[in-house]
Every structure is written in C-alpha cells, then in structure tokens.
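Secondary and tertiary structure notes
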Amino acid sequence: MPDAQALVDAHHHVWDLEVRPQPWLDEPAHEPIRRTFSAHALRSAATRPIAGRRLTSTVVVQCIASVPETRDLLALADSDPLIGAVVGWADLTSPAIGDVLDDLRSGNAGGYLRAVRHVVQAESDPHWLQRPDVERGLRAAGERGLGYDVLIGPHQLPQAIRLAQRLPELPLVLDHAGKPPIARGELADWEQRVRTLARHSQVRCKVSGLITEADHEKWTVDDIRPVWDVLLSAFGPDRLMFGSDWPVANLAGGWNRWAATVDELLTDCSATETHAVLAGTATTFYRLTPTPTKEGT
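This one's a predicted model, so the numbers in the text were calculated from it and none came from an experiment. Residue positions are counted from 1 within each chain, in the order its sequence is given. At least 70 in pLDDT is required for a residue's local features to be given in this predicted model, at least 80 for side-chain atom pairs to be given and counted, and no such filter applies to totals for whole chains, interfaces and linings, which use all residues. Here the side-chain values reflect all heavy atoms present in the structure, with hydrogen atoms and water set aside.

**Let's talk about a negative patch on the surface**
On the surface, a cluster of negative charge is contributed by Asp215, Glu217, Asp222 and Asp223. Secondary structure counts use DSSP, requiring at least four H or I residues in a row for a helix and at least two E residues in a row for a strand, with both numbered from the N terminus. You can see aspartate 215 is positioned in the loop between strand 7 (203-207) and helix 7 (221-235). Accessibility expressed as a relative area gives 36% for aspartate 215, which makes it partly exposed. To count toward a patch, a residue needs a relative accessible area over 30% and no salt bridge; like charges are then connected within 9 Å, while nonpolar side chains (Val, Leu, Ile, Met, Phe, Trp, Tyr) are connected within 5 Å. In these tables, accessible area is a Shrake-Rupley quantity obtained with a 1.4 Å probe, and a residue counts as shielded only by the protein chains included in the view. For salt bridges, the criterion is a side-chain nitrogen of Lys or Arg within 4 Å of an Asp or Glu carboxyl oxygen. Charge counting follows a simple rule: Lys and Arg are positive, Asp and Glu are negative, and His as well as the terminal groups are ignored. Here the site of a charge means NZ on Lys, CZ on Arg, CG on Asp, or CD on Glu. When a residue's accessible area, from a 1.4 Å probe over protein chains only, is under 20% of the maximum for its type it is buried; when over 50% it is exposed; and in between it is partly exposed.

Right under this line is the structure:
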C-alpha cells in the first residue's frame with residue numbers, strides 16, 4: 001500500500017564552503033546562496049505541507065565534478081535518516097569509469113548511490129551525450145543498476161532524445177523538466193522536444209527548478225501552469241516526481257513557496273496521481289526505502 005503521508009523531495013543540494021568550494025556560486029546572480037547549506041537547514045526551510053504531506057525523504061544531488069563530493073554525500077546519506085538516495089558524479093569519459101563506480105558502491109554507504117549526473121548544460125559540444133566515451137560510461141552505470149540524471153538546457157533536448165533512443169535500457173530522469181524558458185514565454189520548441197522525449201518509456205521527469213527559469217521576482221502560479229500542463233500530458237503522473245532544487249530555489253522564492261505552487265497545481269489530480277508525483281515515482285526510480293528501516297532511527 002502506498003504511504004499516503006510520504007513526501008519525497010527528489011532533488012536538492014547541500015554544500016559546505018569551508019570543506020569544498022563551489023566555483024559556480026561565484027557568478028553574481030548566485031550571491032544570495034553563496035554560503036553553506038546543510039541537511040539540517042533543509043529541514044528548517046521545508047515546513048510547508050503539500051497535499052497534507054510533510055517532507056519524509058529526499059534525494060541529494062551532486063553539484064560539482066568531484067568524486068570526493070560524491071563520497072561526502074554518501075556519508076551524509078548514511079548518517080542522516082532524511083536522505084534516502086544520492087545522485088553522484090564520476091567521470092563518464094574515463095576508461096576507468098567502471099572501477100570508479102564499483103569503488104564508490106563498495107563502501108559502507110555505497111548502497112545509497114542510485115544514479116549519476118554530469119552538468120551537460122555547461123558542455124559546448126552539441127553531441128556530448130553521444131560521444132563514444134560518454135556512452136561507454138553511461139552503459140557502465142546502467143550495468144551497475146544506476147540511473148542517469150539528465151541536466152541540460154532546452155537547446156540540448158535533442159541530445160537527450162538521441163540518448164533515450166540509443167540506450168533504451170538506461171533509466172533516465174530529466175532534471176528540471178529540461179529548463180523551459182518560462183521567463184521568455186517561448187515554450188513551443190521546448191514543448192515539442194519534451195513530448196518527443198516522453199515517448200521513451202524509460203524516461204522520468206522532475207517537476208523541479210521551474211521557478212528559477214521564471215522571472216525570479218514576478219513569477220506566479222499562472223507562469224508555471226503551462227509547463228505543468230505539458231509535463232502532466234506528456235509523461236503522466238506516474239513518470240513525474242516533485243523536487244525542490246533547494247537551496248537554488250531560494251533565488252526565486254524558496255522551498256515553501258514552490259511547495260505551495262505544487263500544491264495548487266495538483267488540485268485537479270486524484271489521490272493516486274498526487275501520490276505518484278509526490279512520492280511514488282521517486283521512490284521507484286531511486287529505490288527508496290521507508291525511513292524507519294535505517295539503522296539507528
């Protein structure tokens with residue numbers, strides 16, 4: 001039976017700037033979040049329920065191209081009952097990718113590694129996801145039971161479509177819905193490409209990161225609704241998962257305002273559909289287990 005009280009945040013970050021720099025935070029627009037954010041701070045921030053549910057589990061996601069960061073996230077998941085899974089990083093282009101993944105998974109906390117991610121949105125190569133070395137790395141991840149989080153801009157959606165075509169056995173999740181250009185209001189190309197990607201049954205999609213693609217100061221639910229309508233129509237609730245993208249979400253309103261928006265977007269969904277978006281899809285994709293099974297909780 002599905003847990004009617006479960007709420008999974010399928011996409012958030014943590015970082016400690018005294019332990020590991022985050023160079024991407026040096027961009028002027030990121031000054032408001034240029035400080036340390038911990039899992040405890042997430043607990044304090046995420047107080048608004050969605051459909052009567054309060055946060056019960058999360059998936060923490062890598063920020064930088066760093067295996068040591070991934071090890072830190074795995075250790076955090078092992079020590080913090082809120083965190084149920086880790087999306088880590090390893091160099092997909094490396095001939096040793098299989099050995100690196102095996103090493104990450106062999107540690108005490110290695111079981112929390114459920115997917116890998118690379119910041120493809122920063123790659124200038126329009127065919128990066130089709131590079132032979134990248135595909136070899138992705139196959140190595142899939143062979144080890146790992147999924148792949150696809151972080152791209154809207155202009156890179158054709159790469160994701162080709163990836164889904166070429167590796168149909170690799171579980172994929174599209175981060176932040178492919179970053180639709182909400183602020184510009186130019187959704188036609190994004191919609192066509194997302195609908196094409198959604199035809200591939202191994203692809204899931206995170207309803208996350210949308211408010212930072214809108215006008216940070218002026219966005220409303222009505223700005224987000226057209227994107228939500230496309231995602232719900234293209235993927236269906238069973239392939240959508242809620243994510244906050246906290247603390248990046250703080251640039252455009254924060255966890256609770258986004259939660260209130262999702263709550264409103266779900267108004268016309270059934271209880272079963274709501275559960276899928278808020279917990280079921282993420283639980284299945286990231287193989288989450290109920291929090292009480294963790295040792296010491």
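**Quick look at the environment of alanine 77**
Tracing the chain through its elements places alanine 77 in helix 2 (residues 67-79). Taking the relative accessible area as the measure of exposure, alanine 77 reaches 0% and is therefore buried.

**Digging into the pattern of salt bridges**
Two side chains of opposite charge can pair, provided their charged atoms sit close to one another. The tally for this structure, following the rule as stated, stands at 16 salt bridges. Arginine 117 is the partner of aspartate 175 in a salt bridge, and the nearest nitrogen-oxygen pair spans 3.1 Å. In this pair, aspartate 175 sits in the loop between strand 6 (172-174) and helix 6 (188-198) while arginine 117 sits in strand 4 (residues 113-119), placing the two residues 58 residues apart along the sequence. Considered together, aspartate 175 and arginine 117 belong to a single accessibility category, that of buried residues. Beyond isolated ion pairs, a larger network of salt bridges with shared partners links Asp102, Arg105, Glu143 and Arg144.

**Here we look at helix 5 (residues 157-166)**
Those residues of helix 5 not exposed but buried are Leu157, Gln159, Ala160, Ile161, Leu163 and Ala164. Lining the buried residues of helix 5 we find helix 4 (132-143), strand 5 (147-151), strand 6, helix 6 and strand 7. Should any heavy atoms of two residues lie within 4.5 Å, those residues are counted as being in contact.

**A short note on the confidence of the model for the protein chain**
Considering every residue of the protein chain, the mean pLDDT works out to 96; 97% of them sit at 70 or more. pLDDT under 50 marks residues 292-297. Its contacts with residues more than four places away, or in other chains, come to nine contacts. Predictor confidence is given residue by residue as pLDDT, running from a minimum of 0 to a maximum of 100.

**A look at the nonpolar core**
Across soluble globular proteins, you tend to see nonpolar side chains buried next to one another. Take the buried Ala, Val, Leu, Ile, Met, Phe, Trp, Tyr and Cys residues and link them wherever side-chain atoms come within 4.5 Å; each set so joined is a nonpolar core. Of all hydrophobic cores here, the largest spans 89 residues; its most connected members are Leu129, Tyr148 and Leu231. Residues Met241, Ala279, Ala282 and Phe285 belong to the second largest nonpolar core, which totals 15 residues.

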